[in-house]
Amino acid sequence: MSGTLEFVIPLCREDVLKQRDSCSYVVSDAPSQSELMSKIDDCRAAFSENGPSAIVECFSIFYGLIKCYTEVTPSVRDTYWDVAVNAVADAYRRLAEDEDLASLEPSRKHEERNILKMLVYTLVQLVEEAVNAYLQPPSATQAPPTKGRKGKKKGGAGGGEAEGGSLDWGREFGHVVQILHQLLQLDLQQLWDPPSVTVMEDFTNLVANACYKLCEVPAFAKDKALRTDLFLVLGTVGKRYNQPLSVALKILQLLQNFEHLVTPLAQGMEVLANHCNAGCVIVEMVNELGAKDPRDLSLDTSGTKNFAAFLVEMTQCVPNAVHPVVTSLLPHMQGESHFMRNGVLGVFGELIIQVLSGPELSDQQRNTREQLLDHLQNHIHDVNAFVRSKALQIWTQLCQAKAIPLARQMPVLELGIGRLQDKSSNVRKSALQLLTEYLAGNPFSSKLCEEEFQERLVIEEGRLKSTLPPEPTTVGGGEEEEVGDGMEQIGGVKKGHHHADDQTRLEEVAKQMAVIQYLRHALSFIQSVSQCVPVAAKLLGSKITSDVFESLSFVSVAVQFRIKGASECLRHALGLIWSREQQIRDALVNTYCRVYLVPTDGQDVTMELTNNLLSLVDGASCSELTSLEKLLGSLPQSTLPPSVKKHLWDLFKRTAHQNKPQDATNALLVLSMVSDRVSVHSHLEALIQRGLDMHGSPDLVLAKHVCTTLRKFLSVKKKKGSPSEGLGVEKPLRLPPDHQLFHQLVTLMVVHVTNPQVMQWCPFAEQAVSTVYCLAEHPDKICAALLKALVGRVLGTRQPSEAEMGDPLAASTQDLSLKAESSAPRVNPLFLSRLLHAVGHVAEQQMIHLEVNISTELKRRKMAEEEEEENGRRRKEENAQGSKTPKTAGPKRRPASAKKKDTSSDQSTAEEMGLSGAAAEDVETEMMKRVCELEVMGTGLLASFEPVIVGVVVSPSLYPCPALQASAALALAKFMLVSAPLCDKYLQLLFTILEKSTLPVVRANAIVSIGDLAFRFPNMIEPWTPHIYARLQDSDTMVRKNTLTVLTHLILNDMVKVKGHISEMVMCLKDSDHQIEELAKVFFHELSQKGNALYNILPDIISRLSDPQRQVAQEDFQEVMKYLLSFIHKDKQNETLIEKLCHRFQIATTSRHSRDLAYCLAQLSISEKGVRKLQESFNSYKDKLQDDEVFASFSALLGRAKNFAKPEAKATVEELESKMLQAHTKGLEEGGVSQPQEQAETDAGRKAAAAEEPSMSVEGEKEGQRTQKPEPTVPKKSKAKRSTKLSTQTSRKPLTERNREDGFDSDDDFKMDALSSARKMPLSSKVTKTKRRVAPLMYKEGLDDVLQSTAAGLPKAQFGTNQTVSWMGVAVTGGNSVMAKWVKSNLMAQWAARTIGNLKAKPLLNGNLKLGRVEMETETL
């Protein structure tokens, strides 16, 4: 190259081929791919001979390599790469040898400058090509790499051809970057004319481009050594060569395009700031980000997320560099992008924690901190949930770092409490985390008991008053001034009279005021945190898992700090142990272990854990105890130390110190949850002596739990999954009748039955009787003696002797012919109620004993005998085979056919008797039932109590005692449970009690008993189902709750049909009692899991609730239907409901009815098929669109359809939307009379017609009966399985019930089917008059209107008496005798019967097609 030519760094590669001017260097002869291989040796020799100056001659060769880089072999690339790298290194060494570049001759400067630019350009271009090849996926045809001088390559993000061959590219690139960094450290600007860094900007940009290109490779960006070298180069370019803006812009461009560079570039900023002193690059970067248009950031979501994350991480690495320019980011706090707002808030939080915290802050820093805290506080109420959540998370970090000023703590706490009810679960989660951290790091105390702080505040205020001088103080010439607080009073002392005691008093008052201020702040904090406990308790029942987890965390910390109500909240959370999600159950177990089972350091572990366990069961309800037992049972055996169990037994035996009187009972409750059978059996004597102690004041609560524990651990547990329901050969534990246990149980019951001071007699008696039947050998004898002793004690005829109490079976018999008229006047009602309670429970346990225990024992013995026979037969076979088989031969198994032959005789006998398998079990069951009916309740001891029980029940005025009435009603129900004849006899009486009793407890017990009867005698209870549903409207909360619970069990266990009065259960969703509301939600949630059960009843629910006669509030209707329709997820179900609801508009009689139907439609999910259903049914509802609410509901439905519809389906949606808008506008313009007025006139006319219609009198009588609430009459018995065939007689059931049996969900479905079919009928087939109208009045009028409108303007058809016409596929002949053709479905036949007249059908079966022959009688056709 001539000395006058200048190499100009091109903007693109093609510029080198163009002649810019006479002084620019141009490549004219670049070699092709095939020539590159032959020029390797020439190129290498030239550089060996001439050094870096050879680039002038060989530049065209390297240019050719760059153009066809991907086409040459890897070995060729590697060779040229080594030549280029070595040439740049030699150029650096040659320039470094010249200490003063400025002293070089101009020609030498020109030569060195051109050589340097050409070498660096060549090297940078090779780096770019190598990186591009490195990022490409490996080629399928690529040759396997060969080992070279530098071994195998490192694994990287790519795997392309460039990394194949012999080079370790990670090491090579690192070497190149180090050379470039060393090169930039030289005083290179002296080679340019004039010597300025501005002139050589193109050269420095060329070097920086190599670094930017290398950053694109994830593996290289994450390599700490390589990343450090890269940012050393960039820092030198930005700082030494004064190009911070260029570097900043390029880094931002990389951030916008590559997500993996967020963390590496943030870490690289630390290199720039600390090693290169290039904080100017960071300043320019922050300023550029602050100057970006917020609207552009909202459009580029991916790039904005990278910017936000980079800002936060960069602030973590170099907070001091960001702090001076943080105000440039403030405009983004009002921007549209929530990602950027989150990032800026994160920057604020990091700056406050790392730079703006601590006592030694300047006034300017404090002002800056206050501004940043204001932004953080304001954005807790940001419109975007993600920003609100981020702001709360930053406040949590500030709380952890103790960086919140005291003046900000309470306002932020109040804001966090308010976010607990945010609609976003992420915000609620962050709010709970903030409150938990606030509580854990509070500056007041480790025990935040509100009562204790209140007492301390009162004491300290009293001390302050005693320290202060008298209020009136004379100053100067007798003037008086009022002094307020203590500080003002001390300051009111005259000048010149400050003595030592005044100064001391001033210090004391100051200290006292500080203590009072501290207590007031603590009380305010405690009261604020206490407000969160009820909200957290509510969130524990949330469906969102994060709500449950964070609420448990907060409540557990609140319990440890003794926040008021936290312990009760955590106890209520025990129900989560039954959750279906394993994560929630594990979280609950971990929470309880952390709070109650982890000892505090420095205390007695045994005492602490024991007291914690006792506090768990103290005051717990039955459901909470059950849940706690489940929780403790899920813990590993090693969780509780043996010393804790031992101490619990000592507390029960009263050998250890007791803090409370109920510690023995609580200890037994805990032991029943954590002990095993062996431990309980070893302490049986202690349980009897201590738990059933008869000396001193009786503790029947402890005795009751002793009975429960004994039954739990001593009875034989059934094993799940066995074919015989847990039957084993092991004999169950049965104690003799004269055992001390039964003696003390009977004694306690008999002695204290007449003790009015004992309030727990009935619960104890239940457990005692159950224990007798569970563990005694002859429980019936013990209980018979018990009842005789109780009768004698209650009637007061005599006191039981010591001999009788010692042996209950030796009690003398007496006349037990009890009559109500003889016992009522002289028997205490309370004592009699206890007696009847015991009698009822004995009857129930006797039934269980016969049908369960005896049957199980018989099966066990039978299995034991069969097993013994099998063992004996096997031993005989082994002995026989042993005598015949040689000793060397092994034993042979007996073939299965031989076993079958041996048992064939026994089986054949059983089969001849019909008693094999399930039939034998059925016979045993029926035998036990007959024993209960004939012997137990027929002629046995219990039968003698029947007149007394019935006499008390039927005479509530004679026996007004509530306890007596409750016990008698419960005993009657248990008697009915034992005997079917008694159930049939007194069932009407029981339902009379259910409806007419004035005592809520009696009605509540009755409904529970009816639920038990429904399981045992379903056919008897089924006709009374409406009376059960009626109790959902009871005035008492307990009765409604029990009714809902009973119906839930009956329906979910398929004991009661779902259809019918299910709308009564729907209204429980709006009950005034919150617990009933939650139970109703649980019921419908479980019902939605049972296939299509909920879907099938939804049309009936909508029909009943939208009925104007129900007068359901519109708001309640909408809330209920929104909840129910949320369970409909299948597209097919939504489409069917849309079609049905659209047809319902035809019979909507009021505007309210139309609005309800439209609202239900708006709650459904709509698909393309659903849109077509709406379009097909447009004529059904177009006249209702004039109502604004109806139109709004349809618009909302179509709006959702438009959002999710495909492009081709949007045209259909828009067309339907325009039709609806046109109908809405047209209806508003043409409507002369308002719709409510028209509906009122229509309703008035129909009511008048209904009053004249004789067929409506039956319905009127029924309505009157409901309002007068007479004594229930015995309904006609119905079979459990109804025939689906058509009845040959006219049904007398109400139309609504018949429609449901025939497949119609409600009257509305039947009306709609009739009307739509009638419009399609030919005119010749219209029926003018029928012999008997079966359809309701509304349907009759609607059908007549259709017929009249259809026949308007047409000639009337004349029919002869024998003329035959075609009607709905049926040949109909005029006259009194009409014969129809075959009808292809029973539904068609039933519809025809309702339309024409009486129906007599005889269904036949023809192959797989069910046909029916129909005879119809009409008067005229």
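Structure: see above.
I will try to describe carefully the structure that is included in this document. (Residues numbered from 1 in each chain as written. Predicted model: local features only at pLDDT ≥ 70, side-chain atom pairs only at ≥ 80, totals over all residues. Heavy atoms only, no water.)

## Points about the overall build of the protein chain
Argument step 1. The helix and strand tally for the protein chain stands at 65 helices and 7 strands.
Argument step 2. The burial tally for the protein chain puts 47% of its 1421 residues in the buried class.
Argument step 3. In the protein chain, of all internal contacts separated by at least 6 residues, the share reaching a separation of at least 24 is 72%.
Argument step 4. Total accessible area computed for the protein chain in this model is approximately 70900 Å², and 51% of it derives from carbon and sulfur atoms. (Helix = DSSP H or I, 4+ residues; strand = E, 2+ residues; numbered from the N terminus. Buried < 20%, exposed > 50% of the residue type's maximum accessible area, 1.4 Å probe, protein only. Contact = heavy atoms within 4.5 Å. Areas by Shrake-Rupley, 256 points an atom, 1.4 Å probe, with all protein chains shown as cover.)

## Re the layout of surface pockets
Argument step 1. Here the second largest pocket is characterised by a volume of approximately 2100 Å³.
Argument step 2. At the level of elements, helix H24 (532-539), helix H25 (545-560), helix H26 (566-572), helix H29 (622-633) and helix H51 (1074-1088) are the ones that each hand at least two residues to the lining of the second largest pocket.
Argument step 3. Ranked by residue count, the leading element in the lining of the second largest pocket is H51, at 8 residues.
Argument step 4. The class makeup of the residues in the lining of the second largest pocket is 14 nonpolar, 10 polar and 11 charged. (1 Å grid on protein atoms, 1.4 Å probe; cavity = no way out; pocket = protein on both sides within 12 Å on 5 of 7 lines; lining within 4 Å. Points joined across faces, edges and corners; volume = space filled by probe spheres on them. Nonpolar A, V, L, I, M, F, W, Y, C, P; charged D, E, K, R; others polar.)

## Observations regarding the packing of helix H34 (residues 700-714) against helix H36 (residues 761-775)
Argument step 1. The geometry of H34 relative to H36 is characterised by a closest axis approach of 9 Å and an angle of 25 degrees between their N-to-C directions. Taken together, H34 and H36 sit at an angle that is classed as roughly parallel. In the crossing of H34 with H36, the sense of the turn from one axis to the other is left-handed. Facing Leu700, Ala703, Lys704, Cys707, Thr708, Leu710, Arg711 and Leu714 of H34, the residues of H36 in contact are Trp761, Pro763, Phe764, Gln767, Ala768, Ser770, Thr771, Cys774 and Leu775.
Argument step 2. In terms of residue class, the contact of H34 with H36 is built from 11 nonpolar, 4 polar and 2 charged. (Axes fitted to C-alpha atoms, helices over the stretch in contact; angles between N-to-C directions. Parallel < 35°, antiparallel > 145°, perpendicular 65-115°, else oblique. Left-handed = near helix turned anticlockwise from the far one by under 90°.)

## Structural notes on the side chain of Ser1063
Argument step 1. Along the chain, the position of Ser1063 falls in helix H50 (residues 1062-1066).
Argument step 2. In this view, Ser1063 contacts Arg1104, Leu1105 and Arg1110; residues no more than four positions away in its chain are not counted.

## Thoughts on the side chain of Ser833
Argument step 1. Relative to the helices and strands, Ser833 is located in helix H40 (residues 829-884).
Argument step 2. Residue Ser833 is classed as buried on the basis of its relative accessible area of 2%.
Argument step 3. Sequence-distant contacts of Ser833, that is, excluding residues within four places in its chain, are made with Ala963, Leu964 and Ser967.

## Quick notes on the pattern of salt bridges
Argument step 1. Evaluation of the coordinates by the stated rule reveals 37 salt bridges.
Argument step 2. For the salt bridge of Arg369 with Glu370, the shortest nitrogen-to-oxygen distance reads 4.0 Å.
Argument step 3. The class of Arg369 is buried, set by a relative accessible area of 11%.
Argument step 4. Owing to a relative accessible area of 30%, Glu370 belongs among the partly exposed residues under this scheme.
Argument step 5. Arg873 is the salt-bridge partner of Glu870, the closest N and O atoms lying 1.9 Å from each other. With a gap of 3 residues between them, Glu870 and Arg873 both fall in helix H40, about one helical turn apart.
Argument step 6. Residue Glu870 is classed as partly exposed on the basis of its relative accessible area, which comes to 27%. (Salt bridge = Lys/Arg side-chain N within 4 Å of Asp/Glu carboxyl O.)

## Re the packing of aromatic side chains
Argument step 1. What the rule picks out here adds up to 22 aromatic pairs.
Argument step 2. A ring pair is formed by Phe47 and Phe62, whose centres lie 6.1 Å apart and whose planes are at 85 degrees; its orientation type is edge-to-face. Of this pair, Phe47 sits in helix H2 (residues 40-50) while Phe62 sits in helix H3 (residues 55-67), placing them 15 residues apart in sequence. Each member of the pair, Phe47 as well as Phe62, is classed as buried.
Argument step 3. For the pair Phe991 and Trp1024, a centre-to-centre distance of 4.7 Å together with 15 degrees between the ring planes defines the contact as stacked. Here Trp1024 lies in the loop between helix H47 (1018-1021) and helix H48 (1025-1030) and Phe991 lies in helix H45 (residues 980-996), a separation of 33 residues in the sequence. (Phe/Tyr/Trp six-rings, centres within 6.5 Å; stacked < 30°, edge-to-face > 60°.)

## Overview of H24
Argument step 1. Every buried residue of H24 is listed here: Cys532, Val533, Val535, Ala536 and Leu539. Looking down the long axis of H24, one finds its buried residues gathered within 160 degrees of arc, a one-sided arrangement. Exposed and facing more than 90 degrees away from the buried side of H24 are Pro534 and Lys538. (Arc of directions from axis to C-beta.)

## Observations concerning the packing of H3 against helix H4 (residues 74-97)
Argument step 1. Where H3 meets H4, the closest approach of the two axes is 12 Å, and the angle between their N-to-C directions is 130 degrees. Between H3 and H4, the angle is such that the two are oblique. In terms of crossing hand, the pair formed by H3 and H4 is left-handed. In this structure, H3 uses Ile61, Phe62 and Leu65 to contact H4, whose residues at the interface are Tyr80, Val83 and Ala84.

## Details of the environment of Asp41
Argument step 1. As for its position among the elements, Asp41 is in helix H2.
Argument step 2. A sequence separation of 38 residues divides Asp41 from Thr79, and the C-alpha atoms of the two residues are 9.8 Å apart.

## Focus on the nonpolar core
Note on soluble globular proteins: their nonpolar side chains tend to be buried together.
Argument step 1. Residues Leu188, Phe203, Met314, Phe1084 and Met1121 are the most contacted members of the largest nonpolar core, which totals 374 residues.
Argument step 2. For Phe203, the contacting residues outside a window of four places in its chain are Ile9, Leu116, Lys117, Val120, Leu183, Leu184, Leu188 and Trp192. (Core = buried A, V, L, I, M, F, W, Y, C linked by side-chain atoms within 4.5 Å.)

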